[in-house]
Number of protein chains: 4
Amino acid sequence: MSLLASHRSTRVVRLAGESKAGSRIGDLFPHLDSPVVLEKLSDVPLWTDVDVVFFALPAGQSFALVPRYLEQGTVVIDLGPDYRLKDPELYRRVYGLEHGYPEGLAQAVYGLPEWTADSLDKARLVACPGCFPTGALMGILPFLRAGHIRRDMIVVDGKSGITGAGRSLTLETHFPEISEGVLAYKVLDHRHIPEMEQCLDGGKVTFVPHLMPFNRGILSTIYMVLEHPCSQEEIDRTIDESYRESPFVRRVSSPPNTMGVRGTNNVHLYAKVRENRLVVITAIDNLVRGAAGQAIQAMNRIFGFGEQEGLTRGALFP
Amino acid sequence: MSLLASHRSTRVVRLAGESKAGSRIGDLFPHLDSPVVLEKLSDVPLWTDVDVVFFALPAGQSFALVPRYLEQGTVVIDLGPDYRLKDPELYRRVYGLEHGYPEGLAQAVYGLPEWTADSLDKARLVACPGCFPTGALMGILPFLRAGHIRRDMIVVDGKSGITGAGRSLTLETHFPEISEGVLAYKVLDHRHIPEMEQCLDGGKVTFVPHLMPFNRGILSTIYMVLEHPCSQEEIDRTIDESYRESPFVRRVSSPPNTMGVRGTNNVHLYAKVRENRLVVITAIDNLVRGAAGQAIQAMNRIFGFGEQEGLTRGALFP
Amino acid sequence: MSLLASHRSTRVVRLAGESKAGSRIGDLFPHLDSPVVLEKLSDVPLWTDVDVVFFALPAGQSFALVPRYLEQGTVVIDLGPDYRLKDPELYRRVYGLEHGYPEGLAQAVYGLPEWTADSLDKARLVACPGCFPTGALMGILPFLRAGHIRRDMIVVDGKSGITGAGRSLTLETHFPEISEGVLAYKVLDHRHIPEMEQCLDGGKVTFVPHLMPFNRGILSTIYMVLEHPCSQEEIDRTIDESYRESPFVRRVSSPPNTMGVRGTNNVHLYAKVRENRLVVITAIDNLVRGAAGQAIQAMNRIFGFGEQEGLTRGALFP
Amino acid sequence: MSLLASHRSTRVVRLAGESKAGSRIGDLFPHLDSPVVLEKLSDVPLWTDVDVVFFALPAGQSFALVPRYLEQGTVVIDLGPDYRLKDPELYRRVYGLEHGYPEGLAQAVYGLPEWTADSLDKARLVACPGCFPTGALMGILPFLRAGHIRRDMIVVDGKSGITGAGRSLTLETHFPEISEGVLAYKVLDHRHIPEMEQCLDGGKVTFVPHLMPFNRGILSTIYMVLEHPCSQEEIDRTIDESYRESPFVRRVSSPPNTMGVRGTNNVHLYAKVRENRLVVITAIDNLVRGAAGQAIQAMNRIFGFGEQEGLTRGALFP
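Draft legend 1. Here's a closer look at the overall build of chain A. The number of helices and strands found in chain A is 11 helices and 13 strands. Taking 2.2 N^0.38 as the reference for a compact globule, 318 residues should give roughly 20 Å; the C-alpha atoms of chain A span a radius of gyration of 19 Å, in line with that estimate. Its C-alpha atoms give chain A principal-axis dimensions of about 60 × 45 × 40 Å. With 318 residues in all, chain A has 50% of them scored as buried. For chain A, restricting intrachain contacts to residue pairs at least 6 apart in sequence, the fraction spanning at least 24 positions comes to 64%.

Next comes the structure, spelled out in structure tokens:
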């Protein structure tokens, strides 16, 4: 919402939620001075005065509303997990429930703009990637598509700030439990693995996410094995060519710190090759590029706004 | 020194340093109330009234003194890098200087007590492992020695608190540059790689260290590929058997947080297998198990003190 | 419990709680490796095999048990608020409930050992001070008792680490809400104000507590107005004389950092005078000196153990 | 510079520095992608193609250049300390050097826009307040000017994030020395005291600054004594009337967290009265309202831009 407020071609007209319905946004988040009151999601009728609706609901809760918005011609941009996987059977295995709108799966475009731009521009339903897949895929795809790496030996070590765990209160996010430590979770068992693999043309990912004692940002350290010898120059060139047209992606010459992208939709990318091993490190802000920012980037493409509109704010450092 | 103070069979008699020589320890470190004054290292004659000397010097600075202490029968425990590598040629490549006491290389015992106990008990010169090798080897060796894993596909993602970078002032350790981010460094190029590989019987390690915004602790996430199918039970049993006799190692059933070992010489170990992939995560306190604590553990074995003497202090949490 | 484990004259025999009853301590706190199982407080009969019982219950929950332990001759050391205030009417106003054991109020000794040692040595019921009163009183009392300061112009600005708020999950202690900020709370309205003032012989305190983004420690910045001119030497001498016999209190010559006392029962004290203004700064670890450590110090005095027994562990820095 | 980049009526044309001269801004600060190269301050001739020059130099280093810019009609906005004090003799005592341009002292307008707007609008030389005086004065002046408080009993407890100490490397800002603690410094002896008192019409301030383990923000807890009884409503009304016309100041109904103003030029203000004591708490971002942002606010007034131009960016939370 903070990002849309600075977008010149949009106006936030309505917001709905469940547990905090009835509250003023400015009371829920003291840093915002907004008078908008959260409507109760289960009470709201179909909004007809909007061009685009953003959803950010837990798995399974979008099935009733999404088809109705699509029917009336509203563009739907979903930040939740409901339309990311193509296969309803896989969805059932991963999320433990039947998919209630499988037609949506077929129709949805995966909203990773640098890699799905052509279909994204014509999309009516966008499935925004999860934060970890965003960081991982931005680093893997240039080399996978170029045929440089083995598909069966990809390791992704994900390092996320605490906001990756949401605003719910848990022991893991209680300050004294994490501020002086670091923690892996869902080892080899995270729901983002099938999402990543779906985009990797048969590739397999070994993925372990970690919770880090800072707020925003995901650093993904990606370990790959080369199919054939590549020089550092070829590696760098592969990155540069993959992202030549993206205003958000920047190859950096020393390992990136997540603080360099904080508050932005940018992706900082670093690569290092040694013998047949390739390490790629990507830094994103999980709350912008890994969520709301990438969603706005998708909206900008669909509606023909400038791709950077509302997303030009520089990083806040420190 | 804080650890030795609580050891019942030792007394710290002297300390020497270079840049802070002449200062009272209690002034350099306000949390210690010690009147001991740091002698100037380059001025001190050979101390003859000590049974054991601990060295913690930068590469190349121990060559003059170590042989003289060994000659007079004093046990030398070196926390620096000078005696960790067996091959003087490799030492030259890694540290960029000629080894000045190659006889020491042959004689030194690598001070990873759980894996080198027999020779350690009779050692006169101990080369204490670096902090990253400690965390990595404790997780890899059980499976490598059991023949469960491929030697050529080991990935170690190291996550160290800021104290891993020492007390020197650098931009990387300036609070505002790191407190809200995370950073890789020396990608595929860290001096601890040859040290790890030397202990892996021909194994190769792909290693990237990271600096994390907390003080103490190293979490090592180790990605391995199984040679043959292993059940989770076999994996857990391999750990339990490897460390049956160690009072410091504990297998944990959920991924460890470095806060659980803070201030201790303990190693927390977690393993998870899935198809042919094995992930092992180890947590240590880099300032204790990765340095002074492990050195004291070595001393305890050499002098026949109880292995835990001076090392029983529980973790400080939070 | 971690402290008692290192105490040579005690053994923890039983622990009881309510919400986590039935759990192993080692599961609740991964840094402890204890097999003791928490008994259900409401189920436990009167324990008769103990010499001393520590209570740490919310206001009002100790009234049933404390008198019964006192009757059977067990020493009771209460870390909760039930016996800190002398006046039952004041207790009612502050805690909103009737005091259920007013005889206890009369009998209880306030457990600030440096200031109540004589009566403490003979106590059967100890009311351990709150963490903020401990930090404040240790800084105010030397000057108040010496008659150096005005009683009506004492300002205490309290700065507590997050553990001061307990292990309950709240939005205030959710990592992203506090890790990059600082927050006052209960402005001029904290329950520790009457407790402080009760010890100040009619003095009045203006007190504001703050929550800081670190774990352990309270820094109390105390602003006082001198009754008559005092030199810096007189001020320092007042401190030294007040605490000459305490092994835990140390006057420091530059402003203390809470990290210098972390994990200890120590109090670091700094004073600076300028014209008629006196600023005193005290640093304590709220979880040790502000709670369990001070309770053990009281026990040591009552039972004639050495005052430092179980409390000699040095500060963990960093 | 990051702020000016988003200002619609300005263009950054040149930057000069000393120690890092010759570097690209984008290399010094990876979060900025700017190609501007830092010119060497001592080499640059008088720039004639600029309407306004911002200075941010250590004490004493502006005397050569400022008069020359003023002579050629360029507006000078100084973020350094050289023109904040009115009295050259006081300047000499506080900064230990002779003032080299006393005419500037007379001419300079103190750039606290909410309190000096009239003269600021016509200023040619602006002395931007220090960060601590900004936070303190915004909280004190409403009550001092209204005659509600005693001038001789004002206590300001300042709590600053680490960036308040600058980008120079010091032991105090080394991550492990501060991340888990809090520290007072320059007790009763900070250079900002005379600056504050100069604005208080004879009032005296007892001030202690503290360094806190977070990056941006100053929380000022201000303790005052009322001259006459005031209700909470009168207190709140005094604030509201003082800042009725400022788009940046907001009275909040619960104690503010510095995170609520992070990245903004806003001031959050909270007041609580009890008997004859008044506590006011202000929160600012020291790097924006306490420095560059307030400077731009001054420029906006002088040049007749909208007061908020370039300063509308919302807080980054978390």
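Now that the structure has been shown, the text picks up again.
Draft legend 2. Here's a closer look at the interface of chain A and chain D. Every contact between the two is made by 22 residues of chain A and, on the other side, 22 residues of chain D. Split by residue class, the side of chain A that touches chain D holds 10 nonpolar, seven polar and five charged.

Draft legend 3. Highlighting the relation of the copies chain B and chain A. Its rotation angle being 180°, the transformation that places chain B on chain A also includes 0.0 Å of axial translation and leaves an RMSD of 0.0 Å. The transformation relating the two chain copies, once decomposed into turn and shift, fits a two-fold axis. For chain B, the residue whose C-alpha comes nearest the rotation axis is B:P213, separated from it by 3.2 Å. Taken together, the interface assignments show that 100% of the residues at the interface of chain B recur at the interface of chain A, consistent with an identical surface on both copies.

Draft legend 4. Geometry of the sheet that holds strand β4 (residues 75-78) of chain A. Residues and elements named next belong to chain A. Across the sheet, four strands lie side by side as β3-β4-β6-β5; this open sheet has parallel pairing. Two strands close off the open sheet at either side, each with one partner strand: β3 (52-55) and β5 (109-110). Taken together, the three bridges between β4 and strand β6 (residues 125-127) define a ladder with parallel strand orientation. Paired with V76 across the bridge in β6 is L125.

Draft legend 5. The arrangement of the domain arrangement of chain A in detail. Residues and elements named next belong to chain A. Each domain of chain A was delimited in the assignment, giving domain 1 (2-129 + 289-303) and domain 2 (131-286). Contacts between the two partners involve 15 residues from domain 1 and, on the opposite side, 21 residues from domain 2. Listed by contribution, the elements that provide at least two residues to the side of domain 1 that touches domain 2 are α4 (88-95), α6 (113-120) and α11 (288-303). For the side of domain 1 that touches domain 2, the element with the most residues is α11, which contributes six residues. A breakdown of the residues in the side of domain 1 that touches domain 2 according to their chemical character gives seven nonpolar, four polar and four charged.

Draft legend 6. Up close: the confidence of the model for chain A. Residues with a pLDDT of 70 or more make up 100% of chain A, whose mean pLDDT is 93. Scoring of the predicted complex yields 0.95 for pTM and 0.95 for ipTM.

Draft legend 7. Highlighting the interface of chain B and chain A. Taken residue by residue, the interface counts 35 residues in chain B and 36 residues in chain A. Class assignment for the residues of the side of chain B that touches chain A results in 20 nonpolar, seven polar and eight charged.

Draft legend 8. Structural view of the sheet that holds strand β7 (residues 154-160) of chain B. Residues and elements named next belong to chain B. Pairing in this open sheet of seven strands is mixed, and the strands run β8-β9-β7-β10-β13-β12-β11 from one edge to the other. The two strands at the open ends of the sheet, each matched to only one other strand, are β8 (183-184) and β11 (249-251). In this structure, β11 lies alongside strand β12 (residues 267-274), joined through three bridges in parallel fashion. Among the inter-strand pairings, V249 is bridged to a residue of β12, identified as V267. Relative to β12, helix α10 (residues 232-242) is tilted by about 155°, and along the sheet it contacts β11, β12 and β13 (277-284).

Draft legend 9. Spotlight on the pairing of β4(A). All names here are of chain A. Pairing of β3 with β4, which is carried by four bridges, proceeds in the parallel orientation. From the neighbouring strand, F55 faces β4, where its bridge partner is D78. Handedness of the crossover joining β3 and β4 through helix α3 (residues 66-71): right-handed.

Draft legend 10. Quick look at the relation of the copies chain A and chain D. For the pair chain A and chain D, the superposition axis carries a translation of 0.0 Å, the fit reaches an RMSD of 0.0 Å, and the rotation angle comes to 180°. In this assembly the copies share their binding face: 100% of the residues contributing to the interface of chain A also contribute to that of chain D.

Draft legend 11. Molecular detail of the packing of α6(A) against α11(A). Residue and element names in this part refer to chain A. In the contact formed by α6 and α11, the axes pass within 10 Å of each other and the chain directions differ by 30°. The handedness of the crossing between α6 and α11 is right-handed. Counted together, P113, A117 and L120 of α6 and Q297, A298, R301 and I302 of α11 form the full contact between these two elements. Its residues placed into classes, the contact of α6 with α11 shows five nonpolar, one polar and one charged.

Draft legend 12. Representation of helix α11 (residues 288-303) of chain B in the model. Residue and element names in this part refer to chain B. Relative to the 22 Å expected for 16 residues at 1.5 Å per residue, α11 spans just 19 Å between its end C-alpha atoms, considerably shorter than the ideal helical length. When the local axis directions of α11 are compared, the greatest deviation, roughly 45°, occurs at Q294. Counting buried positions over the 16 residues of α11 gives 14, a clear majority of the element. G304 sits one or two positions beyond α11 and adopts a positive phi of about 75°.

Draft legend 13. Focus on the environment of B:E103. Residues and elements named next belong to chain B. Its location among the elements puts E103 in helix α5 (residues 102-107). By the C-beta count within 10 Å, which is 11 here, E103 ends up exposed. A C-alpha to C-alpha distance of 9.0 Å links E103 and P67, two positions 36 residues apart in sequence.

Draft legend 14. Local environment of unusual backbone geometry. Going from A:F317 to A:P318, the amide bond is cis rather than trans, its omega being -15°. If you trace the backbone, A:P318 turns up in the segment after α11. Phi is positive for A:L188, close to 60°, though the residue is something other than glycine. Tracing the backbone through its elements, the reader meets A:L188 in the loop between β8 (183-184) and α9 (192-198). Classification of A:L188 by C-beta neighbours within 10 Å gives partly exposed; the count is 17. Positive phi is not limited to glycine here, since B:D201 has a value of about 50°. Mapped onto the fold, B:D201 is located in the loop between α9 (192-198) and β9 (205-211).

Draft legend 15. Main features of the environment of D:T170. Looking at the secondary structure, you find D:T170 in the loop between β7 (154-160) and α8 (175-178). Residue classification places D:T170 among the partly exposed positions, given that 13 C-beta atoms sit within 10 Å. Sequence-distant contacts of D:T170, defined by excluding residues within four places in its chain, comprise B:L169 and D:A165.

Draft legend 16. Spatial organisation of the environment of A:C230. All names here are of chain A. Within the fold, C230 resides in the loop between β10 (218-225) and α10 (232-242). C-beta crowding within 10 Å serves as the criterion here: with 19 such atoms nearby, C230 is assigned to the partly exposed category. Filtering out sequence-adjacent residues up to four positions away, C230 remains in contact with H148, I235 and V273.

Rules used in this analysis
Residues numbered from 1 in each chain as written. Chains lettered and ligands numbered in written order. Predicted model: local features only at pLDDT ≥ 70, side-chain atom pairs only at ≥ 80, totals over all residues. Helix = DSSP H or I, 4+ residues; strand = E, 2+ residues; numbered from the N terminus. Rg over C-alpha atoms; globule rule 2.2 N^0.38 Å. Buried ≥ 20, exposed ≤ 12 C-beta atoms within 10 Å, placed from the backbone. Contact = placed C-beta atoms within 7 Å. Nonpolar A, V, L, I, M, F, W, Y, C, P; charged D, E, K, R; others polar. Least-squares fit on C-alpha atoms with pLDDT ≥ 70 in both. Pairing = 2+ DSSP bridges. Domains from an automatic or database assignment. pLDDT = per-residue confidence, 0-100. Axes fitted to C-alpha atoms, helices over the stretch in contact; angles between N-to-C directions. Right-handed = clockwise from strand over helix to strand, strands pointing away. Left-handed = near helix turned anticlockwise from the far one by under 90°. Expected span 1.5 Å × (residues − 1). Bend = angle between axes of the 7 residues up to and from the residue.

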